[in-house]
Amino acid sequence: MTVDRPLRLGVLGSGKGSNFAAIADAAALPGYPAQPVLVMADIPDAGILKLAESRGIPARYLPPGRFRTKLDEEAEAAYVAALQAAQVDLVVLAGFMRILKGEFLRLFAGRVVNIHPSLLPCFPGLAAWKQALDYGVKVTGCTVHYVDQGVDTGPIIAQRAVPVLDGDTAESLHARIQEAERALYPAAVAGIARGEIAVKGRATTGFRP
Ligand code: GRF
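Trainee: Please clarify how the site of the ligand should be interpreted in this entry.
Mentor: Taken together, Gly15, Lys16, Gly17, Ser18, Asn19, Gly95, Ile115, His116, Pro117, His174, Gln178 and Glu181 are the residues near the ligand. Within the backbone of glycine 17, an N or O atom sits 2.8 Å from an oxygen atom of the ligand. In this structure, an oxygen atom belonging to the ligand sits 2.5 Å away from a side-chain N or O atom of serine 18. The protein chains hide 87% of the 370 Å² of surface that the ligand would expose on its own. Of all elements in the fold, only helix H1 (18-27), strand S5 (112-116) and helix H6 (170-193) reach the threshold of two or more residues within the shell around the ligand.

Here it is as structure tokens:
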């Protein structure tokens with residue numbers, strides 16, 4: 001598919017921002033079909049904000065409101081308004097530690113993606129690399145998926161396998177998965193931007209405008 005203009009990405013994170021950095025670095029190369037135009041974090045000193053600023057990409061801390069695991073109504077409205085004002089086409093979750101629900105997902109239906117550190121549907125939820133190690137699987141990995149109302153349940157876009165090695169600790173396995181994430185996420189976002197992603201057997205609202 002020919003891409004007439006880069007897809008505008010709004011990136012949401014809570015942490016150090018290595019996935020965002022991988023996407024931003026890919027986007028700085030000629031021909032990459034997407035561009036981060038806004039980065040937002042729910043934690044004031046999140047590393048992702050500094051990485052965005054150092055790359056000249058608008059970065060904002062937006063308070064999450066009164067809940068621990070999700071945005072409250074007011075915060076959700078503020079995130080939505082900022083994304084709409086920046087004319088974001090695709091919301092890219094990169095370590096954003098809040099569950100997005102109802103109105104947000106309705107407004108950005110089929111236009112929110114996430115990366116999860118396991119081969120979904122195995123090990124949804126927190127510390128998926130530790131869940132994999134504790135279970136004793138020999139292969140785990142990472143998954144880019146559309147976000148739906150569930151936790152890590154949305155249609156799968158791309159996956160990469162990572163071996164679990166003898167002697168792995170939670171830390172060493174997590175580091176190997178994160179390395180895979182940094183290759184997978186930019187490639188998956190590019191695939192979406194080029195309209196190349198087919199989601200088998202699951203409904204999505206393919207949205208490339
Ligand atoms: C990643 O490992 C991702 O799988 C999970 O959150 C982590 C974010 O890391 N959803 P970073 O902030 O991108 O470095």
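Having seen it, we continue.
Trainee: Is there a simple way to think about the pattern of salt bridges in this case?
Mentor: Opposite charge on two side chains permits pairing when their charged atoms draw close. Across all of its chains, the model carries eight salt bridges by this definition. Aspartate 72 serves as the salt-bridge partner of arginine 66, at 3.4 Å between the closest nitrogen and oxygen. Accessibility expressed as a relative area gives 58% for arginine 66, which makes it exposed. When its relative accessible area of 8% is taken as the criterion, aspartate 72 is described as buried. A salt bridge links glutamate 73 to arginine 66, with the nearest nitrogen and oxygen atoms 3.4 Å apart.

Trainee: Before we go on, may I ask you to explain the environment of leucine 9 in this structure?
Mentor: Within the secondary structure, leucine 9 is located in strand S1 (residues 7-13). C-alpha separation for the pair leucine 9 and leucine 184, spaced 175 residues apart in sequence, amounts to 16 Å. Those residues in contact with leucine 9, other than ones at most four positions away along the chain, are Ile23, Ala34, Gln35, Pro36, Val37, Leu38, Val88, Leu90, Val92 and Val189.

Trainee: Got a minute to help me understand the packing of H1 against H6 in this structure?
Mentor: The geometry of a pair of packed helices is captured by two quantities: the angle between their axes and the separation between those axes. Contact pair H1 / H6: the axes reach a minimum separation of 9 Å and the direction vectors enclose 45°. Our classification of the angle between H1 and H6 gives oblique. The crossing of H1 and H6 is right-handed. Across the interface between the two elements, Ser18, Asn19, Ala22, Ile23 and Ala26 from H1 touch Gln178, Glu181, Arg182, Tyr185, Pro186 and Val189 from H6.

Thresholds applied
- Residues numbered from 1 in each chain as written.
- Predicted model: local features only at pLDDT ≥ 70, side-chain atom pairs only at ≥ 80, totals over all residues.
- Heavy atoms only, no water.
- Near = heavy atom within 4 Å.
- Polar contact = N/O pair within 3.5 Å; in protein donor to acceptor, adjacent residues only side chain to side chain.
- Areas by Shrake-Rupley, 256 points an atom, 1.4 Å probe, with all protein chains shown as cover.
- Helix = DSSP H or I, 4+ residues; strand = E, 2+ residues; numbered from the N terminus.
- Salt bridge = Lys/Arg side-chain N within 4 Å of Asp/Glu carboxyl O.
- Buried < 20%, exposed > 50% of the residue type's maximum accessible area, 1.4 Å probe, protein only.
- Contact = heavy atoms within 4.5 Å.
- Axes fitted to C-alpha atoms, helices over the stretch in contact; angles between N-to-C directions.
- Parallel < 35°, antiparallel > 145°, perpendicular 65-115°, else oblique.
- Left-handed = near helix turned anticlockwise from the far one by under 90°.

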